[in-house]
Amino acid sequence: MKITILLTSLLLAIIASAQAQTGQISGVVRSGDKSVPYANITLAKTRYGTQADSSGSYKLSNFPAGSYEIQISGVGFQRYRKMIDIIAGEPVIYDVELHAANTTLNEVVVTGVSRATELRKSPVAIAVMTKKEMDMNVNNNIVDAVLKGVPGLSAVTTGPNISKPFIRGLGYNRVLTLYNGLRQEGQQWGDEHGIEIDQYGIERAEVVKGPASLIYGSDAVAGVINFIPYLPKGPEGKLKGDITSEFHSNNGMIGASGGLAYNKNGWKSAFRVSGKNATAYKNKIDGRVYGTAYNELNLSAMTGFEKRWGSSYIYATLYNNLQEIPDGSRDSLTRRFTRQVFESGQDNIKDRPFVSEKDLKTYHINPLHQHIQHYRLFSRNHFLLGKGDLNALFGFQQSVRREYNHPTTPKQPGLYIQLNTYNYDVKYNLPEWKGLEATLGVNGMYQTNKNLDGTDFPIPDYKLLDIGGFLFLKKSLGKVDVSGGVRYDTRSWNWVDQYVQHNPESGYDELLKVPRNSNAVLQFPAYNRNFNGVSGSLGATYNLSERLLVKANVSRGYRAPNITEIGSNGLDPGAHIVYLGNRDFKPEFSLQTDIGFIGYLRELDISLELFNNKIDNYIYQARLYDDAGKPVIIVPGNFTYKYQQSKAQLFGAEVSVNLHPTRLKWLTFNNSLAFIRGLNRNDALIEKEGDAARYLPFIPPIHGRSELRVSVSKEIGNLSSVYFRAEVDYYGAQNKFYGVDNTETATAGYALFNLGTGATVNNRNKRALFQLFLQVDNLFNKSYQSNLNRLKYFEYYSASPNGRSGIYNMGRNASVKVIIPF
């Protein structure tokens, strides 16, 4: 008994001693006579922080006593910084007054930089989209929601749920997509599927416009989009969450999502489940477009903790998408859509049966579809090591793609591939020395691809090893912030001989490493090759004043060819394309110059960004024709494309002018204009083909966007945060396209008008019940084709009764979104 009492007393003494060594700070964050709800409170260069509640009150405890720089920030307010001394066992009451900010230059970003950096200190063009802006831009997918607010960002689409991001005219494996810093690996070379990310779980998106090879290596030669999920914040010990639902009138899209988050004593956990279902979309020309329905499910979870030594978090996600495959087949006279019912050998497109109205309107996925699954498991770790710190990310991803293209055996996938990727990213931020910040880093991946029980084999089974190391330096010299660095990458590809042989039991082909007899065809000869490259950047920002700055940056990008560019030799059923690669390709290298001017003035914000990008060994695909000028058909009903390589140049400008009159604080008028020109520098091809070969494929036309927004600051009954918005999206005609062998054709210009409104509905106690967003896109039901719409080229006939060719984009769409917080 005495021993028990002694041990208990000793334990209590240890706990009391530990508590006595920790500090506590609390207070209220205000701006004028109003509180600032949900402000972020952090202790600089530590992992200790919290979030104020709805009344602006906060409390931060259980951290070591000492001297700290406290930082307090809120959306729309200037960041507050001040040194404070915390004495063990003496709680501090610290109320703070925040001042309204008319500039986002002090916003902190984590993408394209070695450590968290204010926007004003980065010479690279970086754009930020908040969840609020993405919620206003109600869309079928997350990429379309982001590109509305970022000039220079566009997307190649295959229906409303498939958008491949392009930055300044470059896309696919030239744009690196990240999920909370983890590079997305999911056969992104393909046209016919989007990015595997839950749009409802994203809190913020950061877009780097320009080569980011220095930090990320190959595949970031055009830029980076980092989708950052929600991290639990707010009062400790309270379960928080939200329920989101939305509906779109055009394709009947029904979306729903529910999330939970918990935070206590440094432990943070969150969970979310989301789903989307849609029928085929419609427009005035085509009616409902058969083959564009989808069914998507997402699960995500995270847990982790923050301690005095740093933090560690684990994330897991599951993405499951059933996505129909459109092929554009229809009756030549009525233009009604038809369906394939026989295999390619017996199929006659002119004899296909009509698709019924019931099948056009159903949520049931038709037999010819894709099944895309993507799994992530990764950890993000941050360790404080003296005055330096170490960041380490380790992850595993698996992408499984099935494309069902056999109408007589619908359960037999045509394409069935599994991609496994192991990622690593380690960065050490050295202690600051005389104002110089230095970072050493190494990152890369190991990847294996395997064809499973499919019948079409566009790419081989392969192994990939990627590793790169870099040094990044940053220093402030008065009003000038200078940053830059250098990097070396190496990537190795390896596969053995692989044969295609007919299997009499299944009736289909199969891929073999060892052929059964001499009838086998060598589809993929063995390949073993390394690609190496040096990349880097050097740039500076000059702060003319607190509100005006000039940026300049020169960067060299590097990209190793992707698997289809060097190894493809077969049909991709979902794309309806036979890809032919080139084993002798060289890596792409780019040299881009950026100059920018940014001003946040009393009455307006203005930015001007100019860029010029020269690329050596630029890789692109073009339709293959024979010597007689006829298209090469390897698989009936499918185009054949062969990859080409040449020099290229892209240049352009992005301008934003946003008016916010001080006398009319309720009014903002936002305007942007993006211009991009892509030139093919293949002189031999231009001499042979003329103007048809003068430009690059998939270059967006001039794009202007104007938005008039009215924000009501006062409450209207039980409504708060009320806004009204009207916008016009203008796309110029694209007459400068890659027209060799009719790879692309001219596209007419068009203008789309959109309207939106929203508000927060409160109860009698002024507590938010739900947020409401209403939006009408393409208000006047304009019939148009985007030059980046792949369905524009889904046409089987050289002429049609209505004079139209290909499939048109979505018509008018009214949407409603409701977010219920709790």
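Here, every reference points to the structure presented above.
The following refers to the structure shown. Everything numeric here is computed off the predicted structure, so don't read it as measured data.

**Some details on the overall build of the protein chain**
Along the protein chain, the regular secondary structure elements total seven helices and 48 strands. Expected size for 822 residues packed as a compact globule is a radius of gyration near 28 Å; at 28 Å, the protein chain falls within 12% of this value. Oriented by its inertia axes, the alpha-carbon framework of the protein chain measures out at about 90 × 60 × 60 Å. Counting across all 822 residues of the protein chain, residues that qualify as buried make up 55%. Restricting the contact set of the protein chain to residue pairs at least 6 apart, pairs at least 24 apart contribute 66%.

**Re the pattern of salt bridges**
Applying the stated rule across the entire model yields 38 salt bridges. We note a salt bridge from Lys121 to Asp481, for which the minimum N-O separation is 3.4 Å. Of this pair, Lys121 sits in the loop between strand E11 (117-118) and strand E12 (125-130) while Asp481 is found in strand E32 (residues 480-495), placing the two residues 360 residues apart along the sequence. In this structure Asp481 comes out as buried when scored by relative accessible area, which is 4%. Shared partners join several salt bridges into a network, and the residues in it are Glu133, Lys148, Arg705, Glu707, Arg709, Arg725, Glu727 and Asp777.

**A few points about the sheet that holds E12**
An order of E12-E18-E19-E16-E17 is seen for the five strands of this open sheet, with the pairing classed as mixed. Each edge of the open sheet is held by one strand with a lone partner, namely E12 and strand E17 (182-183). Across two bridges, the pairing between strand E16 (residues 175-179) and E17 is antiparallel. By the bridge assignment, Leu178 is partnered in E17 with Arg183.

**Focus on a nonpolar patch on the surface**
There is a patch of nonpolar side chains on the surface, built from Leu239, Ile243, Leu260, Tyr262, Phe271, Val273, Leu297, Leu299, Ile820 and Phe822 and spanning about 820 Å² of accessible area. At the level of secondary structure, the elements contributing two or more residues to the nonpolar patch comprise strand E21 (254-264), strand E22 (267-278) and strand E25 (294-307). Relative to the assigned elements, Leu239 resides in the loop between strand E19 (223-229) and strand E20 (240-248). By relative accessible area, Leu239 is classed as exposed at 53%.

**Re the sheet that holds strand E3 (residues 40-43)**
An order of E4-E3-E6-E7 is seen for the four strands of this open sheet, with the pairing classed as antiparallel. Every interior strand has two partners, whereas the edge strands, strand E4 (49-51) and strand E7 (80-86), have only one. Between one strand axis and the next, the sheet turns by 20° as a mean value, whatever way the strands run. The sheet contact formed by E3 and E4 spans three bridges and is antiparallel.

**Structural notes on the nonpolar core**
The biggest cluster of nonpolar side chains holds 45 residues, and the ones touching the most others in it are Ile142, Val146, Leu153, Val207 and Phe227. Beyond its immediate stretch of four places on either side in the chain, Ile142 contacts Met134, Ile195, Gln199, Ile202 and Phe227. Grouped together as the second largest cluster of nonpolar side chains are 27 residues, Trp189, Leu415, Tyr527 and Ala560 included.

**Topic: the side chain of Asn449**
Topologically, Asn449 is positioned in strand E30 (residues 436-451). In terms of polar contacts, Asn449 uses its side chain to reach the side chain of Gln187, at 2.8 Å. The residues touching Asn449, leaving out its near neighbours within four places in the chain, are Gln187, Ile417, Gln418, Leu419, Ile459, Pro460, Asp461 and Tyr462.

**Considerations on the packing of aromatic side chains**
The geometry of an aromatic ring pair is captured by the separation of the ring centres together with the interplanar angle, meaning the angle of the planes. Taken as a whole, this structure holds 21 aromatic pairs when the rule is applied. Ring geometry for Tyr558 against Phe589: centres 5.7 Å apart, planes inclined by 40°, an arrangement best described as tilted. In this pair, Tyr558 sits in strand E37 (residues 548-559) while Phe589 sits in strand E40 (residues 588-600), placing the two residues 31 residues apart along the sequence. Residue Tyr558 shares its accessibility class with Phe589, and that shared class is buried.

**Section: a positive patch on the surface**
A cluster of like positive charges, contributed by Lys284, Lys782, Arg804 and Arg812, occupies part of the molecular surface. Inspection of the secondary structure assignment puts Lys782 in the loop between strand E47 (768-777) and strand E48 (813-821).

**A short note on the pairing of strand E1 (residues 22-31)**
If a strand is regular, its side chains alternate between the two faces of the sheet. For E1 and strand E5 (residues 57-64), the ladder comprises seven bridges, and the chain directions are antiparallel. Looking across to E5, one finds that Gly27 is bridged to Tyr58. With two bridges connecting them, E1 and strand E8 (residues 92-93) associate as parallel partners. Across the sheet, the residue bridging to Ser26 is Ile93, located in E8. Where E1 lies against strand E9 (residues 96-97), two bridges are found, and the strand directions are parallel. Residue Val29 lies in a different strand from E9, and its bridge partner there is Val96. Counting the residues in the hairpin turn of E1 and strand E2 (residues 34-35) gives two residues, including Gly32, whose phi is positive at 70°.

Conventions used here
Each chain has its residues counted from 1, following the order in which its sequence is written. With the structure being a predicted model, the display of local features is reserved for residues of pLDDT at least 70 and the display and counting of side-chain atom pairs for 80 or more, all residues being used for whole-chain, interface and lining totals. To obtain the side-chain values, all non-hydrogen atoms of the structure were included, while hydrogens and water were left out. In this description a helix means any DSSP run of H or I spanning at least four residues, a strand means any run of E spanning at least two, and both kinds are numbered starting from the N terminus. Within these notes, the globule rule equals 2.2 Å times the number of residues to the 0.38 power, and the radius of gyration is based on C-alpha atoms. Burial status follows relative accessibility: with a 1.4 Å probe on protein chains alone, a residue under 20% of its type maximum counts as buried, one over 50% as exposed, and anything between as partly exposed. Residues are treated as being in contact if the distance between any of their heavy atoms lies within 4.5 Å. Any carboxyl oxygen of Asp or Glu that lies within 4 Å of a side-chain nitrogen of Lys or Arg is treated as forming a salt bridge with it. Any two strands are treated as partners once DSSP identifies two or more bridges connecting them. The patches reported here contain residues having more than 30% relative accessible area and no salt bridge. Joining distances are 9 Å for like charges and 5 Å for nonpolar side chains (Val, Leu, Ile, Met, Phe, Trp, Tyr). Surface accessibility follows the Shrake-Rupley procedure with a 1.4 Å probe radius. Residue values consider only the protein chains on display as shielding. Axis definition: a line fitted to C-alpha atoms, over the contacting stretch in the case of helices. Angles run 0 to 180 degrees between N-to-C directions. Remark: nonpolar core denotes a set of buried residues (Ala, Val, Leu, Ile, Met, Phe, Trp, Tyr, Cys) joined through side-chain atoms within 4.5 Å. By the criterion applied in these results, polar contacts are pairs of N or O atoms within 3.5 Å in which, for protein atoms, one can donate a hydrogen and the other can accept it, and in which residues neighboring in sequence qualify only through two side-chain atoms. Pairing of aromatic rings covers Phe, Tyr and Trp, the last through its six-membered ring, and needs centres within 6.5 Å; plane angles under 30 degrees mean stacked, over 60 mean edge-to-face, and all others mean tilted. Note on charges: Lys and Arg go in the positive column, Asp and Glu in the negative column, and His and the chain ends are not counted at all. Each charge is placed at NZ for Lys, CZ for Arg, CG for Asp and CD for Glu.

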